[in-house]
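Chain and residue survey
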Amino acid sequence: MTHQLVWVGLGGALGAIARVLVGVAVTERLGILLPYGTLVVNLSGCLLLGLLIGAMEAQVVHPGVPPALTVGFL
């Protein structure tokens, strides 16, 4: 359980940094009229989460990866 918490924490830290960088990049390109950065981050997160869930059902990923990616990174 402790190892899982570490992986979730690391995934969360990396995910937070990635979300900020993507949000800033999109906002710089499209402006601040609407929260485009938030929209892009949320839609891409939903897409990646769906792909990951599909891969988990097909048993393509290691069992330790889903908590780190789903709860942490995404």
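Throughout what follows, the structure given in this document is the object of discussion.

Scoring rules and cut-offs
Residues numbered from 1 in each chain as written. Predicted model: local features only at pLDDT ≥ 70, side-chain atom pairs only at ≥ 80, totals over all residues. Heavy atoms only, no water. Helix = DSSP H or I, 4+ residues; strand = E, 2+ residues; numbered from the N terminus. Contact = heavy atoms within 4.5 Å. Polar contact = N/O pair within 3.5 Å; in protein donor to acceptor, adjacent residues only side chain to side chain. Axes fitted to C-alpha atoms, helices over the stretch in contact; angles between N-to-C directions. Parallel < 35°, antiparallel > 145°, perpendicular 65-115°, else oblique. Left-handed = near helix turned anticlockwise from the far one by under 90°.

Let us now look at the environment of L5. Of note, L5 is situated in helix α1 (residues 2–30). Between the alpha carbons of L5 and G72 there is a distance of 9.3 Å; along the sequence they are 67 residues apart.

A few words on the environment of T70. Of note, T70 is situated in helix α3 (residues 65–73). Sequence-wise, T70 and L48 are 22 residues apart; in three dimensions their C-alpha atoms are separated by 9.1 Å. Among residues more than four places away in sequence, those in contact with T70 are L49 and L52. Separated by 2.5 Å, the side chain of T70 and the backbone oxygen of P66 make a polar contact.

Okay, the packing of α1 against helix α2 (residues 36–57) next. As a packed pair, α1 and α2 sit with axes 7 Å apart at the nearest point and diverge in direction by 135°. Judged by the angle between their axes, α1 and α2 are oblique. Note on packing geometry: the crossing formed by α1 with α2 is right-handed. Along its contact with α1, which presents R19, V22, G23, V26, T27 and L30, the element α2 presents Y36, G37, V40 and V41.

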